[in-house]
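An overview of the molecular structure
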Amino acid sequence: MAADLTIVIVNWNVGQLVCQALASIYESPSARQVDGCLVLQDLSTSIVVVDNASGDDSVDRIRSEHPNVSIVESPINVGFSAGNNLALRHCKSPYVLLLNPDAEVVDDAIPTLVEHLQEHATAGIVGPQLRYGDGTYQSSRRRFPTLLTAIWESTLLAEWFPRNPWLRRYHMADTPDDEAQRVDWINGACMLVRGEILSRVGLLDEGFFMYSEELDWCHRAKEAGWEIWYQPEAIVIHHEARSSDQVSVLKHIRFGASKIRYFAKHHGPLAARTLRAYLLADYTMRWLVEAVKWALGHKRPLRRGRMRTYAAVLRSRLAPTAVVAGEA
């Protein structure tokens, strides 16, 4: 018999963080064991950890500390989207929670999210309020990006003009942080999905190795008539980017390549080509800035490392299939 709720966590070399995430679930106020099975409030719950060919002791650690958790071992690192899909293909639960390995739930955040879907029949996906490790608020709700916001987001323009109106609108800074609200999409660090989404909308697009996969999923869900919600009464701590930071060059490449793929998919080839050209120009400018600082003798080891990173990004042309030394 399928559980009421399935929780899926994808791991790559962060077994300690996964165990912390699992501990936060088992320590939820409503959590209890019934015949060896986890129950959150009144929800029978199964947990699946997908391990993306970790090179550390992740699998042994998880099995030792949480023997009731199911583990799916991929022989290669297939990425975030495909990793989740390894579990989602076999999921029959009415509710599915995708949780990052660097996230920890606070109190009964998970049952709160489930209650929201139960109370809103047209809601297909709901996300919590995210907070950084120090407890400060972390923006997690968004409007769909336009080409203009994509050009501003995480580029030199955003660094030079951080309070520009386009990114403020994109980040929904004009709406209150403490009110439940319909949004266009939510951060994938923690997202509760109605099981019907899997059959009616489909799984995550595996063309997104990582980044923008939740944006694409929410876009497809809204096109199919579902609402996306932000529910701040549920709180989750998100330590952010602990897996992707293991290979910083790849983080830059995957982030840019995924943005380009999203625009190609939902806005057409011209928008995608325009965005690629701009992002490559942005990395060229970043390299030049670092080169000038290096030439002036300012923190040369730091500047040299950044120049190497930006040069690798430029060589990749932000292609999604780019390979960088050190990738698992």
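Before reading further, recall that the structure is shown in the block above.
Residues numbered from 1 in each chain as written. Predicted model: local features only at pLDDT ≥ 70, side-chain atom pairs only at ≥ 80, totals over all residues. Heavy atoms only, no water.

Quick look at the overall build of the chain
The condition is simple: A run of DSSP states H or I qualifies as a helix once it reaches four residues; a run of E qualifies as a strand once it reaches two. Both are numbered from the N-terminal end. Here the globule rule is a power law, 2.2 Å times the number of residues to the power 0.38, and the radius of gyration is based on C-alpha atoms. Classification of residues uses two cut-offs on accessible area relative to the type maximum, computed with a 1.4 Å probe and protein chains only: under 20% is buried, over 50% is exposed, and between them is partly exposed. Note on contacts: a residue pair is in contact if any heavy atoms of the two residues lie within 4.5 Å. For accessible areas, the Shrake-Rupley method is used with a probe of radius 1.4 Å. Any residue's cover is judged against the shown protein chains and nothing else. Two residue types count as positive, namely Lys and Arg, and two as negative, namely Asp and Glu; His and chain ends fall outside the count. To locate a charge, take atom NZ for lysine, CZ for arginine, CG for aspartate or CD for glutamate.
Check the secondary structure of the chain and you find twelve helices and 14 strands. In summary, the chain has a C-alpha radius of gyration of 20 Å against a globular reference of 20 Å for 328 residues, a match within 12%. When its C-alpha atoms are laid out on the principal axes, the chain stretches across 65 × 40 × 35 Å. When the 328 residues of the chain are sorted by exposure, 55% land in the buried category. Look at the contacts in the chain between residues 6 or more apart in sequence, and 77% of them connect residues 24 or more apart. Entry remark: accessible area of the chain is about 14,900 Å², with carbon and sulfur atoms responsible for 53%. When the 35 positive and 38 negative side-chain charges of the chain are each reduced to one mean point, those points stand 12 Å apart.

Let's talk about a nonpolar patch on the surface
Using the following cut-off: Only residues whose relative accessible area exceeds 30% and that form no salt bridge enter a patch; like-charged residues are grouped when within 9 Å of one another, and nonpolar side chains (Val, Leu, Ile, Met, Phe, Trp, Tyr) when within 5 Å. For this document, the term salt bridge refers to a Lys or Arg side-chain nitrogen within 4 Å of an Asp or Glu carboxyl oxygen.
On the surface, W160, F161, M285, W287 and L288 cluster together to form a nonpolar patch covering roughly 510 Å² of accessible area. If you tally residues by element for the nonpolar patch, the top one is helix α11 (residues 269-295), at three residues. The class for F161 is partly exposed, based on a relative accessible area of 47%.

Some remarks on the pattern of salt bridges
Within this structure, the stated rule accounts for 18 salt bridges. A salt bridge links R286 to E159, with the shortest nitrogen-to-oxygen separation between them at 3.1 Å. Of this pair, R286 sits in helix α11 while E159 sits in helix α6 (residues 156-160), and the two are 127 residues apart along the sequence. Under the relative-accessibility criterion, R286 is labelled buried at 11%. The residue R220 makes a salt bridge to D216 at a minimum N-O spacing of 3.0 Å. In this pair, R220 and D216 are both assigned in helix α9 (residues 213-223), four residues apart and thus about one turn of the helix distant. Look at D216 and you get buried, because its relative accessible area is 0%.

Some details on helix α12 (residues 300-316)
To keep things clear, this is the line we draw: Helix span is expected to be 1.5 Å times the residue number reduced by one.
For α12, which comprises 17 residues, the first-to-last C-alpha distance of 24 Å matches the rise-based estimate of 24 Å (1.5 Å per residue) to within 8%. For α12, every residue scored as buried is listed here: R303, M307, T309, Y310, A311, A312, V313 and S316. For α12, the secondary structure elements touched by its buried residues are α10 (248-267) and α11.

Side note on the pairing of strand β13 (residues 190-194)
The criterion, for reference: Think of it this way: DSSP has to see at least two bridges between two strands before they count as a pair.
With five of its five residues buried, β13 lies for the most part within the structure. Taking every second residue as pointing to the same face, both faces of β13 are buried, with C190, L192 and R194 on one and M191 and V193 on the other. As paired elements, strand β6 (residues 95-99) and β13 share five bridges and run antiparallel to each other. Across the sheet, residue Y95 finds its bridge partner in β13, namely R194. Two elements, strand β8 (residues 123-131) and β13, share two bridges in a ladder whose sense is antiparallel. By the bridge assignment, V126 is partnered in β13 with L192.

Examining unusual backbone geometry
Backbone geometry at M172 places phi at a positive 60°, although glycine is not the residue there. Among the secondary structure elements, M172 is positioned in the loop between α7 (165-170) and β11 (181-183). Its identity as a non-glycine residue notwithstanding, K299 has a phi of 45°, on the positive side. One can find K299 in the loop between α11 and α12. Accessibility expressed as a relative area gives 52% for K299, which makes it exposed.

A word on the pairing of strand β4 (residues 43-52)
Stated formally: Clockwise travel from the first strand over the helix to the second, with the strands pointing away from the viewer, marks a crossover as right-handed.
In terms of burial, β4 is largely enclosed, as eight of its ten residues are buried. Across seven bridges, strand β1 (residues 5-11) lies against β4 in parallel orientation. The partner of V8 across the bridge, within β4, is V48. Pairing of strand β3 (residues 37-40) with β4, which is carried by three bridges, proceeds in the antiparallel orientation. When the sheet's bridge partners are listed, V39 is paired in β4 with S44. Here β4 pairs with strand β5 (residues 70-74) via five bridges, running parallel. Counted as the bridge partner of N52 is S74 from β5. What joins β4 to β5 is helix α2 (residues 58-65), and the crossover it makes is right-handed.

These figures capture arrangement, not role.
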